[in-house]
Amino acid sequence: GQSLEQPSEVTAVEGAIVQINCTYQTSGFYGLSWYQQHDGGAPTFLSYNALDGLEETGRFSSFLSRSDSYGYLLLQELQMKDSASYFCAETGFQKLVFGTGTRLLVSP
Amino acid sequence: GAVVSQHPSRVICKSGTSVKIECRSLDFQATTMFWYRQFPKKSLMLMATSNEGSKATYEQGVEKDKFLINHASLTLSTLTVTSAHPEDSSFYICSASIIVTSTTADTQYFGPGTRLTVL
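Just so it is clear, the model here is predicted, and its values are computed rather than measured.

So, how was this worked out
- Residues numbered from 1 in each chain as written.
- Chains lettered and ligands numbered in written order.
- Predicted model: local features only at pLDDT ≥ 70, side-chain atom pairs only at ≥ 80, totals over all residues.
- Heavy atoms only, no water.
- Helix = DSSP H or I, 4+ residues; strand = E, 2+ residues; numbered from the N terminus.
- Buried < 20%, exposed > 50% of the residue type's maximum accessible area, 1.4 Å probe, protein only.
- Contact = heavy atoms within 4.5 Å.
- Buried area = accessible area lost by both parts, 1.4 Å probe.
- Salt bridge = Lys/Arg side-chain N within 4 Å of Asp/Glu carboxyl O.
- Polar contact = N/O pair within 3.5 Å; in protein donor to acceptor, adjacent residues only side chain to side chain.
- Pairing = 2+ DSSP bridges.
- Axes fitted to C-alpha atoms, helices over the stretch in contact; angles between N-to-C directions.
- Disulfide = S-S within 2.5 Å.
- Phe/Tyr/Trp six-rings, centres within 6.5 Å; stacked < 30°, edge-to-face > 60°.

Asker: Explanation requested: the overall build of chain B in the structure shown.
Answerer: If you tally the helices and strands in chain B, you get zero helices and 11 strands. When the helices and strands of chain B are read in sequence order from the N terminus, they spell out β-β-β-β-β-β-β-β-β-β-β. Along the first, second and third principal axes, the C-alpha atoms of chain B reach 45 × 30 × 25 Å. Taken over 119 residues, chain B has a buried fraction of 47%. The long-range fraction of contacts in chain B, counting pairs at least 24 apart against all pairs at least 6 apart in sequence, stands at 56%.

Asker: So what exactly am I meant to see when it comes to the interface of chain B and chain A here?
Answerer: Interfaces are frequently sized by the accessible area removed from exposure as the parts join. On the chain A side, the residues contacting the 25 residues of chain B number 18 residues. The contact between chain B and chain A buries some 1600 Å² in all, and 56% of this surface belongs to carbon and sulfur atoms. Where chain B packs against chain A, one counts zero salt bridges. Between chain B and chain A we count two residue pairs in polar contact (both at pLDDT 80 or more) in total.

Asker: Hey, could you run me through the sheet that holds strand β1 (residues 4-7) of chain B in this one?
Answerer: Two orientations exist for strands paired in a sheet by backbone hydrogen bonds: parallel and antiparallel. Residues and elements named next belong to chain B. Spatial ordering of the open sheet is given by β1-β3-β8-β7, a layout of four strands whose pairing is antiparallel. On the outer flanks of this sheet lie β1 and β7 (67-73), each paired with one strand and no other. The sheet shows a mean angle of 15 degrees between the axes of neighbouring strands, taken without regard to direction. Two elements, strand β3 (residues 19-25) and strand β8 (residues 76-81), share six bridges in a ladder whose sense is antiparallel.

Asker: Help me out: how do you make sense of the state of the cysteines in this one?
Answerer: Here, disulfide denotes a covalent bond that connects the sulfur atoms of two cysteines. Overall, the coordinates contain two disulfides over all chains when judged by the stated rule. Between C22 of chain A and C88 of chain A runs a disulfide, and the two sulfur atoms are separated by 2.1 Å. Between C22 of chain A and C88 of chain A, the disulfide has an S-S torsion of 70 degrees and is therefore right-handed. Placement of the pair is C22 of chain A in strand β3 (residues 18-24) and C88 of chain A in strand β9 (residues 84-92), with a sequence separation of 66 residues. Judged on exposure class, the residue C22 of chain A and its partner C88 of chain A are both buried. A sulfur-sulfur separation of 2.0 Å characterises the disulfide bridge that pairs C23 of chain B with C94 of chain B. As the torsion about the S-S bond is roughly 80 degrees, the C23 of chain B-C94 of chain B disulfide counts as right-handed. Remark: C94 of chain B occurs in strand β9 (residues 90-97) and C23 of chain B occurs in strand β3; sequence separation between them is 71 residues. The pair C23 of chain B / C94 of chain B is uniform in exposure class, with both members buried. Cysteine C13 of chain B is unpaired, with the sulfur of C94 of chain B as its nearest cysteine sulfur at 18 Å.

Asker: Explain the pattern of salt bridges here, please?
Answerer: All names here are of chain A. Per the stated rule, a full pass over the model turns up four salt bridges over all chains. Between D82 and R59 there is a salt bridge, and its shortest N-O distance comes to 2.8 Å. Residue D82 is found in the loop between β8 (70-75) and β9, and its partner R59 is found in the loop between β6 (53-57) and β7 (60-65); the two are separated by 23 residues along the sequence. Grouping residues by exposure puts D82 and R59 together as buried.

Asker: Sorry, what's going on with the sheet that holds β7 of chain A here?
Answerer: Residue and element names in this part refer to chain A. Read across the sheet, five strands follow the order β1-β3-β8-β7-β6 without closing on themselves; strand pairing throughout is antiparallel. Taken across any chain shown, the strands that pair with only one partner, and hence form the sheet edges, are β1 (4-5) and β6. Two elements, β6 and β7, share five bridges in a ladder whose sense is antiparallel. When the sheet's bridge partners are listed, E56 is paired in β7 with S61.

Asker: Can you help me understand the packing of aromatic side chains in this one?
Answerer: Between two aromatic rings, the relevant description is the distance of the centres plus the angle of the planes. All chains considered together, the criterion is met by 12 aromatic pairs over all chains. Relative to F45 of chain A, the ring of Y35 of chain A has its centre 5.8 Å away and its plane inclined at 75 degrees; by these criteria the two rings are edge-to-face. Here Y35 of chain A, found in strand β4 (residues 31-37), pairs with F45 of chain A, found in strand β5 (residues 44-49); they are 10 residues apart in sequence, far enough to count as distant. One aromatic cluster is present, built from ring pairs that chain together Y35, F45, F87 and F98 of chain A together with Y36 and F110 of chain B.

Here it is, written out as structure tokens:
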């Protein structure tokens, strides 16, 4: 079946850079999306890679390599408010399949 | 921007009762809405895809007779948890798709979620 694996938890300090990896075992999807979710809140869209390579959106960047079945989200200049859960999601026609999720803890 | 609301945000009910959750797209028409459930510290699991005016498509393992989905208009979808039991306690999140084409991925906008607790 389809599965997207992420590390369960990542910790970092304010101002640092952190990379959250996503490995998957499926193919044929349109692209890989990334979502942020604070506790008790709705997922909010961060970034989308339709093609291989790096997409940059402010402090957040996302990377996709279909040949390696791998993607990552890069967060720069970390802030306390970035503490949240992050999900990669296989993005297809009328379908999102979410990864296992990574909880990011940012400390002072 | 595209806003999706859910009502209620939180509900507590007794075992055996039914609970209806509404999902509305406030400033756009959504041809497709999605329902997810999320257990604490877990990922979002797609339950069903709902297209306006047609029957919902349920994911494998989701009981369609227990989780009734109605998508009566382009701005409203409802999820009814019938004969709820404690194991149905979860965070239910809807999303709405603003563009549907055959060649591009959709953008989904998520509602704030409904916390269901069944006693």
